[in-house]
Amino acid sequence: MNILLKVELNQLRSLIALQEVVNSCHSELNPVQCPFCQSEQVSQSRKPESVKTYTCLSCQQDFSEEIVLGCKCRVPGELQKCQDCERYQSILPLVKERAAQLRSFSRAELEAMASRFSF
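Residues numbered from 1 in each chain as written. Predicted model: local features only at pLDDT ≥ 70, side-chain atom pairs only at ≥ 80, totals over all residues. Heavy atoms only, no water.

(A) Representation of the pairing of strand S2 (residues 53-56) in the model. Across three bridges, strand S1 (residues 42-44) lies against S2 in antiparallel orientation. Pairing of Ser 43 across the sheet is with Thr 55, part of S2. One ladder, built from three bridges, connects S2 with strand S3 (residues 62-64); its direction is antiparallel. Of the residues in S3, the one forming a bridge with Tyr 54 is Phe 63. In this antiparallel pair of consecutive strands, S2 and S3, the connection spans five residues, and Gln 60 shows a positive phi of 65°. (Pairing = 2+ DSSP bridges. Helix = DSSP H or I, 4+ residues; strand = E, 2+ residues; numbered from the N terminus.)

(B) Spatial organisation of the packing of helix H1 (residues 3-24) against helix H4 (residues 107-114). Orientation of H1 relative to H4, taken along the N-to-C sense of each, is 35°, at an axis distance of 10 Å. Handedness of the crossing formed by H1 with H4: left-handed. Here Leu 5, Glu 8, Leu 9, Leu 12, Arg 13, Ile 16 and Glu 20 of H1 come into contact with H4, specifically with Arg 107, Leu 110, Glu 111, Met 113 and Ala 114. Its residues assigned to classes, the contact of H1 with H4 shows seven nonpolar, no polar and five charged. (Axes fitted to C-alpha atoms, helices over the stretch in contact; angles between N-to-C directions. Left-handed = near helix turned anticlockwise from the far one by under 90°. Contact = heavy atoms within 4.5 Å. Nonpolar A, V, L, I, M, F, W, Y, C, P; charged D, E, K, R; others polar.)

(C) Structural view of the nonpolar core. One finds Ile 16, Ile 91, Val 95, Leu 102 and Leu 110 to be the most contacted residues of the largest nonpolar core, which totals 15 residues. Beyond its immediate sequence surroundings of up to four residues, Leu 102 is in contact with Arg 13, Ile 16, Ala 17, Leu 110 and Met 113. In terms of nonpolar packing, the next biggest core, distinct from the first, is built from five residues, Val 32, Cys 34, Tyr 54 and Cys 56 among them. (Core = buried A, V, L, I, M, F, W, Y, C linked by side-chain atoms within 4.5 Å. Buried < 20%, exposed > 50% of the residue type's maximum accessible area, 1.4 Å probe, protein only.)

(D) Summary view of H4. Buried within H4 are the following residues: Leu 110, Met 113 and Ala 114. Angularly, the buried residues of H4 cover 100° about the axis, an arc narrow enough to put them on a single face. The inward-facing, buried residues of H4 contact H1 and helix H3 (86-101). (Arc of directions from axis to C-beta.)

(E) Quick peek at the environment of Lys 52. By the secondary structure assignment, Lys 52 is in the loop between S1 and S2. On a C-alpha basis, the gap between Lys 52 and Phe 63 in space is 8.7 Å, while along the polypeptide they are eleven residues apart.

Honestly, that's just the spatial picture; any functional story needs more than this.
Right, dumping it as structure tokens:
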């Protein structure tokens with residue numbers, strides 16, 4: 001097996017592991033919360049914008065993910081600035097453990113698993 005193929009398989013394992021860990025604990029990692037009243041009763045705006053916007057159903061304030069304090073990335077580690085985030089760092093051991101468990105899977109099995117996720 002050449003080195004490029006090994007790198008590709010490791011990347012695939014890592015992506016699958018990250019998605020599985022994020023999906024398994026998504027609600028505790030990323031609850032969208034109003035920065036004004038801290039309510040989790042929010043509704044995502046239907047406007048097609050590059051930044052996700054929300055309306056709080058409790059206080060009626062509009063806000064975007066950009067103004068929410070702390071890490072609110074939908075996929076931890078997706079952005080370069082997330083690499084130092086506490087939340088991202090807290091899930092890395094779980095991702096590494098899951099990626100190690102995926103080592104016994106063939107490329108075809110990994111690709112089938114990856115097809116369940118949108119990367």
